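# Results of the structural survey
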Amino acid sequence: MESSERNLDSTSADDEQQRLNSREDAADRCAVGVSLLVLCFALVLATLWEVERPSFARCSALDNATERHACYDQLRSERLKPPAKGGYFR
């Protein structure tokens, strides 16, 4: 019984090696890698977009009154944008 288990183990190891070397698996690994790269890129862009937007705390920290008021005006204009079309249901 032990000899049959050893044969199965060696066969499964060979099958595993063939599976790892197949072109389909290489394409799958490449697709997963590209997907992760795109996801990381999107997260970096979202982070940069969020950091670039003015906030109340950033506007309050400005020493120059002209810059501070311009920052508040920009913050107000962003917050008071009208809703996108189709936002209301009838």
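What you are looking at is a predicted structure, and each value in this text was computed from that prediction instead of being measured. (Residues numbered from 1 in each chain as written. Predicted model: local features only at pLDDT ≥ 70, side-chain atom pairs only at ≥ 80, totals over all residues. Heavy atoms only, no water.)

## Some words on the overall build of the protein
- A count of helical and extended segments in the protein gives four helices and zero strands.
- Summing over all exposed atoms, the protein offers an accessible surface of approximately 8300 Å²; the carbon and sulfur share of this is 60%. (Helix = DSSP H or I, 4+ residues; strand = E, 2+ residues; numbered from the N terminus. Areas by Shrake-Rupley, 256 points an atom, 1.4 Å probe, with all protein chains shown as cover.)

## Details of a nonpolar patch on the surface
- A cluster of nonpolar side chains, contributed by Val32, Leu36, Leu39 and Leu43, occupies part of the molecular surface with about 380 Å² of accessible area.
- Secondary-structure assignment places Leu39 in helix α2 (residues 23–52).
- Residue classification places Leu39 among the partly exposed positions, given a relative accessible area of 47%. (Patch = residues over 30% accessible without salt bridge, like charges linked within 9 Å, V, L, I, M, F, W, Y side chains within 5 Å. Salt bridge = Lys/Arg side-chain N within 4 Å of Asp/Glu carboxyl O. Buried < 20%, exposed > 50% of the residue type's maximum accessible area, 1.4 Å probe, protein only.)

## Remarks on the state of the cysteines
- Counted by the stated rule, this structure contains one disulfide.
- Two residues share a disulfide in this structure: Cys59 and Cys71, whose sulfurs sit 1.9 Å from each other. Across the S-S bond linking Cys59 and Cys71, the dihedral sits near -70°, which makes this disulfide left-handed. Of this pair, Cys59 sits in helix α3 (residues 56–61) while Cys71 is found in helix α4 (residues 65–79), placing the two residues 12 residues apart along the sequence. Note on accessibility: Cys59 and Cys71 belong to one class, buried. (Disulfide = S-S within 2.5 Å.)

## Concerning the pattern of salt bridges
- Throughout the structure, instances matching the rule amount to one salt bridge.
- The closest approach of N and O atoms between Asp73 and Arg76, which form a salt bridge, is 3.3 Å. Remark: Arg76 and Asp73 occur in helix α4; sequence separation between them is three residues, near one turn of the helix.
- Taking the relative accessible area as the measure of exposure, Arg76 reaches 48% and is therefore partly exposed.

## A closer look at the confidence of the model for the protein
- Summing up the model confidence of the protein, the mean pLDDT is 79 and the portion of residues at 70 or higher is 73%.
- Helix α1 (residues 2–21) is the least confidently modelled element of the protein, averaging 60 in pLDDT, while α2 averages 90, the highest of any element. (pLDDT = per-residue confidence, 0-100.)

## Some remarks on α4
- Here α4 contains 15 residues, and its C-alpha end-to-end distance of 21 Å stays within 8% of the 21 Å for a straight helix at 1.5 Å per residue.
- N-cap assignment for α4: the residue whose side-chain oxygen lies 3.2 Å from the backbone N of Thr66 is Asn64. (Expected span 1.5 Å × (residues − 1). Polar contact = N/O pair within 3.5 Å; in protein donor to acceptor, adjacent residues only side chain to side chain.)

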